[in-house]
Amino acid sequence: MNWYVVYTKPKWEKKVAERLNEIGVVTFCPLITKISQWSDRKKKVSVPLFNSYIFVQIDEKKRNQVFEVVGAVRYLFWLGKPAVVKDSEIETIKNWLSVPDTYDVSVDQWKKGDKIVMESGPFLSQSAVIQEVKKNHYILILESLGCILKVNKKEV
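One structure accompanies this document, and this report is about it.

The rules behind these values
- Residues numbered from 1 in each chain as written.
- Predicted model: local features only at pLDDT ≥ 70, side-chain atom pairs only at ≥ 80, totals over all residues.
- Heavy atoms only, no water.
- Buried < 20%, exposed > 50% of the residue type's maximum accessible area, 1.4 Å probe, protein only.
- Helix = DSSP H or I, 4+ residues; strand = E, 2+ residues; numbered from the N terminus.
- Pairing = 2+ DSSP bridges.
- Contact = heavy atoms within 4.5 Å.
- Axes fitted to C-alpha atoms, helices over the stretch in contact; angles between N-to-C directions.
- Expected span 1.5 Å × (residues − 1).
- Arc of directions from axis to C-beta.

### Side note on the pairing of strand S5 (residues 53–58)
Now for step 1: For S5, the buried fraction is high: five of the six residues fall into the buried class.
Now for step 2: In the sheet, strand S2 (residues 26–28) pairs with S5 via three bridges, with the strands oriented antiparallel. Looking across to S5, one finds that valine 26 is bridged to glutamine 57.

Set out below in structure tokens:
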């Protein structure tokens with residue numbers, strides 16, 4: 001079975017994934033922990049890594065079953081067909097989310113436009129292009145995944 005990307009209503013990612021799981025559809029809604037600030041307190045909250053997107057693993061013949069759930073809007077299309085995500089890409093995202101968030105990253109010798117291959121961490125062996133080098137972060141384009149990665153420098 002293939003993994004597909006489902007576009008959801010804004011802020012409905014977790015609800016849609018939960019309801020799809022209830023009807024027997026395998027879903028993956030990658031979550032990250034973020035600190036949110038209110039006027040009187042700070043709180044750690046789990047938010048989706050990709051706003052308004054979840055991944056579903058479903059047989060192509062049963063793809064319309066997704067729309068039985070309120071909040072599922074449409075599939076993400078690529079070249080006129082529903083976009084298929086490789087199992088290896090889903091595993092890469094899962095590995096990235098399971099690794100501790102403290103990294104020792106140093107790219108001082110690199111400059112904008114350089115092509116690199118990640119040598120450690122969750123994106124091991126992934127090729128990337130340096131888009132931006134700043135004092136506190138780096139912006140990398142992961143070509144094979146079609147996404148942009150922001151790597152923050154952390155003080156240890």
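### Notes on the environment of isoleucine 32
Now for step 1: Residue placement: isoleucine 32 occurs in strand S3 (residues 31–37).
Now for step 2: Its relative accessible area of 31% is what places isoleucine 32 among the partly exposed residues.
Now for step 3: Sequence-wise, isoleucine 32 and proline 48 are 16 residues apart; in three dimensions their C-alpha atoms are separated by 6.2 Å.
Now for step 4: Excluding residues within four positions of it along the chain, isoleucine 32 makes contact with Val45, Ser46, Val47, Leu49 and Leu97.

### So, the pairing of strand S1 (residues 2–8)
Now for step 1: By the criterion of burial, S1 is predominantly enclosed, with five of the seven residues buried.
Now for step 2: As paired strands, S1 and S5 are joined by six bridges and run antiparallel to one another. Considered in S5, the bridge of tryptophan 3 is made with glutamine 57.
Now for step 3: With three bridges joining them, S1 and strand S6 (residues 72–75) adopt antiparallel strand pairing.

### Side note on the sheet that holds strand S12 (residues 137–142)
Now for step 1: One open sheet accounts for four strands, arranged S10-S11-S12-S13; its pairing is antiparallel. Both edges of this open sheet fall to strand S10 (115–117) and strand S13 (147–152), since each of them pairs with a single strand only. For this sheet, the mean inter-axis angle between neighbouring strands, taken without regard to orientation, is 40 degrees.
Now for step 2: Sheet topology places S10 next to strand S11 (residues 127–133); three bridges connect them, and they run antiparallel. Bridged to lysine 115 within S11 is valine 129.

### Comments concerning helix H2 (residues 87–98)
Now for step 1: For H2, which comprises 12 residues, the first-to-last C-alpha distance of 16 Å matches the rise-based estimate of 16 Å (1.5 Å per residue) to within 8%.
Now for step 2: By the burial criterion, the buried members of H2 are Glu89, Ile90, Thr92 and Ile93. Down the axis of H2, the smallest arc covering the buried residues is 155 degrees, so these residues share one side.
Now for step 3: On the buried face of H2, the contacting elements are S1, S2, S5 and strand S9 (84–85).

No statement about biological role is implied by the geometric values presented.
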